Amino acid sequence: MSDNIIRLSVSEAAKLFGISTQTIRRAIADQDLHYVVVHNRYKISFESLVKWSQSTTRVKNKSNTKALASFVTAWRVKNKKYSPNPAVVDGTEHVANGK
């Protein structure tokens, strides 16, 4: 695990993965997720959520159709100024002026 642990609330996790809060709470009760309690609220490790979501077929399918992952293919950068340089993405960009 890294030093910078990202933690999400139950509702944030449910929205991000396109599932109900009850499903998240069930996974907590089954000890499938790593969490801490802060001010009487669950804060779930993002790393734990990703591993759990990919190991559970139903959650994996819902996240691919209803959650954030379903929008990734629709993301398009229209302003070329902020688009990645194809040479950088392909790894073919060379350092200019010997720097």
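This is a predicted model, so every value here is computed, not measured.

Draft legend 1. Up close: the packing of aromatic side chains. A complete count under the given rule lists two aromatic pairs for this structure. For the pair Phe17 and Phe46, a centre-to-centre distance of 6.5 Å together with 35° between the ring planes defines the contact as tilted. One end of the pair, Phe17, is in helix H1 (residues 10–17); the other, Phe46, is in helix H3 (residues 46–55), and 29 residues separate them in sequence. Accessibility expressed as a relative area gives 8% for Phe17, which makes it buried. Here Tyr35 and Tyr42 contribute two aromatic rings whose centre-to-centre distance is 4.9 Å and whose plane-to-plane angle is 90°, an arrangement assigned as edge-to-face. Assessed through its relative accessible area of 31%, Tyr42 is described here as partly exposed.

Draft legend 2. Representation of H1 within the structure. Turning to H1, its buried residues number three or more, namely Val10, Ala13, Ala14 and Phe17. Buried residues of H1 fall within an arc of 100° about the axis and therefore sit on the same side. Gly18 occupies a position one or two residues after H1 and carries a positive phi of about 70°.

Reading the values: rules and limits
Residues numbered from 1 in each chain as written. Predicted model: local features only at pLDDT ≥ 70, side-chain atom pairs only at ≥ 80, totals over all residues. Heavy atoms only, no water. Phe/Tyr/Trp six-rings, centres within 6.5 Å; stacked < 30°, edge-to-face > 60°. Helix = DSSP H or I, 4+ residues; strand = E, 2+ residues; numbered from the N terminus. Buried < 20%, exposed > 50% of the residue type's maximum accessible area, 1.4 Å probe, protein only. Arc of directions from axis to C-beta.

Honestly, it's all geometry; don't read function into it.
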